[in-house]
Amino acid sequence: MKFLAGKVVVLFRSVLPLMIAMALMGGIYVVIHWSAEHSDAVATARQQQLVELVISKMQGSIAHDQESATVWDDAVRMVSQRWDREWVDSNLGIWMHSYFGHDGAFVISPDRQPLYAFLVGEPNEINAFNKIAPAALPLIDALQKRLSAQDETGTSDQILSIGESDLVRMDGRPAIVSVKPIVSDTAKIEQQPGREFLHVAVRFLDGDFLTRTGEEYLFDDLRFSAAADLGKVRSYAAIVSRSGETIGYFSWLPFRPGADVLKAIKPALVVSALCLLALTSVLTLVVRKRSMRLRESQAQLKHMALHDPLTGLANRVSFNQLLARIVRMSATDQTNALLYLDLDRFKQVNDTLGHPIGDRLLVDVARRLMETAATADIIARLGGDEFTIALKHTQQEEVEKLCESLIAAIRKPFEIDGQIVLIGLSIGVAVASGNDADPVHITRKADIALYHAKSAGRNRYAIFGPHMDELIRTRRELEHDLRAALDADDQLEVFYQPVYAAASHEISSLEALIRWRHPSKGTITPDVFVPLAEASGLVDRLGALVLKDACSTAREFPHIGIAVNVSAVELGQHHYAAQVLSLLGQFGIEPSRLELEITETALLDEAGVSEKNIAALREFGVRFALDDFGTGFSSLGRLQRLEVDRIKIDRSFVGACDEPGGGVAIVQSIIGVAQAKGLRTTAEGVETQQQSEILRDLGCDELQGFLLSKPMSKASLRQLLGNQRLRKYSQ
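Residues numbered from 1 in each chain as written. Predicted model: local features only at pLDDT ≥ 70, side-chain atom pairs only at ≥ 80, totals over all residues. Heavy atoms only, no water.

Focus on the overall build of the protein
Argument step 1. When helices and strands are counted, the protein shows 23 helices and 24 strands.
Argument step 2. When burial is assessed residue by residue, the protein has 46% of its 731 residues classed as buried.
Argument step 3. Considering only contacts in the protein between residues 6 or more positions apart, those separated by 24 or more positions represent 66%.
Argument step 4. Just so you have it, the protein exposes about 37,300 Å², and 54% of that area is on carbon and sulfur atoms. (Helix = DSSP H or I, 4+ residues; strand = E, 2+ residues; numbered from the N terminus. Buried < 20%, exposed > 50% of the residue type's maximum accessible area, 1.4 Å probe, protein only. Contact = heavy atoms within 4.5 Å. Areas by Shrake-Rupley, 256 points an atom, 1.4 Å probe, with all protein chains shown as cover.)

Printed below as a string of structure tokens:
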């Protein structure tokens, strides 16, 4: 019995390690097998997301391709004003196929009739349009309604026009159909909203698209199928239209990293049980690392879909989702705020210093926003230089304080590669309470408030109020009227205010001043319509009108100089110096007789365009005066760098000269600075005899104001100068 018992114990001890080893190997195999299947599942899910991302990017790419030819004055003329089929074929039709790879291109009239049709494999244009009509007509209808309503939702610096796009199945083939309006890129061609000609692009998602996608993204045997019953061997991703209809499936042989690993380790498990622990550890580590890389790739794809790749902030899609969630989950008495932020002068930085500097500037701006608004619920970049911030459970006082902090943070100088960059920040704010607020309306109100902040002078914030809608409408009407006034010849008139020598009270020069007599609103002051002209891109035409009239007056009165006010916007344009010299040559005016009055705002042009224009004009003899001196932002250091011939003392200092404790000391210091630099001085707004005498005694060279003469029409000027000559001759 003892012998038998011993045999059993030996057998048990011999078999038990084997059983344990087999159990351990089996357990290891089960774990590895599970890890392999999990890795395969993660890889398959990643490829499915990648297919959806590729299709989404293709939709955006096709619309962007269209805009290269549809946002174009020539395109508008060729399709709506004089039909040129050969031009349309070369620029809107076959060119789209040869250059961008589009499979179809169509030009549709405002009455939804095909004027031009091109579809690969279909030579008959009627048949070509009939094939796409079921898919294209609903998109055309939707786009025309949006155009009629002047809906610009979704447009930006990158997306120039609205459009409609969808995924469809056409003759059993998957395709993207995109519709874009053919519109003016300069806004100089007037088009009736909703009556624009339309361009339809078609891109099939099978054939060469599948081949290129498979090669580029390493999809094995990528195919299209109308049905989902593809078996367990293949993976597939549904192609879903924006209405939610599944139009088909992309299928492929999935990438199975786990299966490959499992196949590789099986021989090792069989050959060497002695290396079990080491081998298992290594292989488990390998599988784990691969799984982690796959999960990281998946997380990266998700992050890319919801975040701005440049700054790392939430993007527009993520922002819309988060804002909707905040509103939906708000209590009835909860107050939320939305801030729309836009950088001032960013485009000028981009144009002058280059896009790489602009991109790095945006990254630094995003960092300052996150540091300043660390408690915000959302900080997002919508595109270009537009950002948004959302706050929940807040009060208006907190919002105002945050706006002031944000503006102060962005106004601090940025240093990029040793280059000092100065920009500003304008903010529009919308405040809403409860969960029944519409996120779309909130963003619209914030956008309107931003517009008001910029109109008020930038580097400030505005909180939306009910009056703003009416102000927007009024401003648009006034902008329209200003365009009409520039086209007419009976509303805008140049007046002239004489400038007198302080000692002799004789006229030494004239200042040209623009006046607008609106046919229904009466006189509109320059401080209203000049900023409007700058903001709407009309300041070039307005400035040219004044300068041309001034040159005409200078030719009529050859014994006297003419001064013309120049806005910082005009002076900051590269062509300005050439424009001025061209007009002087046209009227035969000596450049030394023209004096351009600039404000201290021109000194803030970090790009140096204003200073280059000033230097070029001074080289030809044009003189410069610094207007409203002492009220702007420039320092004496900047004044030292900028060459001018005259300083005009602001009327706010002149008006205080004859008051107790007034501005005599300030005026005296300004005159002292001017005399030290060899500059002449002119005092604006002289209204009393006492002011005139004080300024003369302080050493001011010229006087200008109502005491001496008000601005007058050219006819009154002729009479005044004629009487002055008669008095001079009679003496």
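Focus on the sheet that holds strand β11 (residues 386–392)
Argument step 1. Spatially, the five strands line up as an open sheet ordered β10-β11-β9-β14-β15, and their pairing is mixed. Both outer strands of the open sheet, β10 (378–383) and β15 (461–463), are each paired with one neighbouring strand and no more. On average, adjacent strands in this sheet sit at an angle of 20° to one another, irrespective of strand direction.
Argument step 2. The sheet contact formed by strand β9 (residues 335–344) and strand β14 (residues 424–433) spans ten bridges and is antiparallel. When the sheet's bridge partners are listed, T335 is paired in β14 with S433.
Argument step 3. Across the face of the sheet, helix α12 (residues 439–455) comes into contact with β9, β14 and β15 while running at roughly 145° to β14. (Pairing = 2+ DSSP bridges. Axes fitted to C-alpha atoms, helices over the stretch in contact; angles between N-to-C directions.)

Considering the nonpolar core
Argument step 1. Counting residues in each nonpolar core, the largest one holds 68 residues, and the members touching the most others are W516, V564, L594, L596, L617, F624 and L695.
Argument step 2. With near-sequence residues (within four places) excluded, V564 lies in contact with A512, V546, L547, A550, L594, E595, L596 and E597.
Argument step 3. Among the nonpolar cores identified, the runner-up in size contains 32 residues, and L313, L341, F346 and F414 belong to it. (Core = buried A, V, L, I, M, F, W, Y, C linked by side-chain atoms within 4.5 Å.)

Here we look at helix α18 (residues 609–619)
Argument step 1. Three or more residues of α18 are buried, namely V609, S610, N613, I614 and L617. Each buried residue of α18 lies within a common arc of 135° when the element is viewed along its axis, so the set occupies one face. In α18, those exposed residues whose orientation departs by more than 90 degrees from the buried face are K612 and E619.
Argument step 2. In this structure, the buried residues of α18 make contact with α16 (568–571), α17 (576–587), β20 (594–598) and β21 (623–629).
Argument step 3. Where α18 ends, the next residue or the one after it, G621, has phi of about 110°, a positive value. (Arc of directions from axis to C-beta.)

Focus: the packing of helix α21 (residues 664–677) against helix α22 (residues 689–698)
Argument step 1. Two elements in contact, α21 and α22, have axes separated by 10 Å at closest approach and are oriented at 40°. Compared by their axis directions, α21 and α22 come out oblique. The hand of the α21/α22 crossing is right-handed. Of α22, the residues touching α21 (which contributes V664, V667, Q668, I671 and Q675) are I694, L695 and L698.
Argument step 2. Residues belonging to the contact of α21 with α22 are distributed by class as follows: six nonpolar, two polar and no charged. (Parallel < 35°, antiparallel > 145°, perpendicular 65-115°, else oblique. Left-handed = near helix turned anticlockwise from the far one by under 90°. Nonpolar A, V, L, I, M, F, W, Y, C, P; charged D, E, K, R; others polar.)

A closer look at the side chain of E570
Argument step 1. Within the secondary structure, E570 sits in helix α16.
Argument step 2. Summary of buried charges: E570 has no salt-bridge partner, and the nearest side chain of opposite charge, R541, is 11 Å away.
Argument step 3. Those residues in contact with E570 that lie beyond four places of it in its chain are V539, D540, G543 and Y576. (Lys, Arg positive; Asp, Glu negative; His and termini not counted. Salt bridge = Lys/Arg side-chain N within 4 Å of Asp/Glu carboxyl O.)

Side note on the environment of E570
Argument step 1. A relative accessible area of 6% means that E570 is categorised as buried.
Argument step 2. In sequence terms E570 and E534 are 36 residues apart; their C-alpha atoms lie 8.4 Å from each other.

Overview of helix α8 (residues 316–328)
Given 3.6 residues per helical turn, the α-helix brings residues three or four places apart onto the same face.
Argument step 1. An ideal rise of 1.5 Å per residue puts 18 Å on 13 residues; α8 measures up with 18 Å between its terminal C-alpha atoms.
Argument step 2. Turning to α8, its buried residues are S318, F319, L323, I326 and V327. Each buried residue of α8 lies within a common arc of 160° when the element is viewed along its axis, so the set occupies one face.
Argument step 3. One side-chain oxygen of the residue at the start of α8 lies 3.3 Å from the amide nitrogen of V317, identifying that residue as N315. (Expected span 1.5 Å × (residues − 1). Polar contact = N/O pair within 3.5 Å; in protein donor to acceptor, adjacent residues only side chain to side chain.)

Section: empty space enclosed by the protein
Over the atoms a probe the size of a water molecule is rolled, and this reveals where empty space is left.
Argument step 1. Scanning the model with the defined rule gives seven cavities of 30 Å³ or more in all.
Argument step 2. If you trace the second largest cavity, you find it lined by L323, I326, V327, N336, A337, L338, A390, L391, A430, A432 and I442.
Argument step 3. Breaking the lining of the second largest cavity down by element, the ones donating at least two residues are α8, β9, β11 and β14.
Argument step 4. Residue classes in the lining of the second largest cavity are distributed as ten nonpolar, one polar and no charged. (1 Å grid on protein atoms, 1.4 Å probe; cavity = no way out; pocket = protein on both sides within 12 Å on 5 of 7 lines; lining within 4 Å. Points joined across faces, edges and corners; volume = space filled by probe spheres on them.)

Observations concerning the environment of D447
Argument step 1. Positionally, D447 belongs in helix α12.
Argument step 2. Exposure remark for D447: the relative accessible area of 39% places this residue in the partly exposed category.
Argument step 3. In this structure, the C-alpha to C-alpha distance between D447 and L338, residues 109 residues apart in sequence, is 9.8 Å.

Looking at the sheet that holds strand β1 (residues 104–108)
Strands in a sheet are paired, the pairing made by backbone hydrogen bonds, and the direction either parallel or antiparallel.
Argument step 1. Pairing is antiparallel in the open sheet, where five strands are placed in the order β2-β1-β5-β4-β3. The two strands at the open ends of the sheet, each matched to only one other strand, are β2 (114–119) and β3 (164–170). Neighbour-to-neighbour, the strand axes of this sheet turn through a mean angle of 15°, independent of strand direction.

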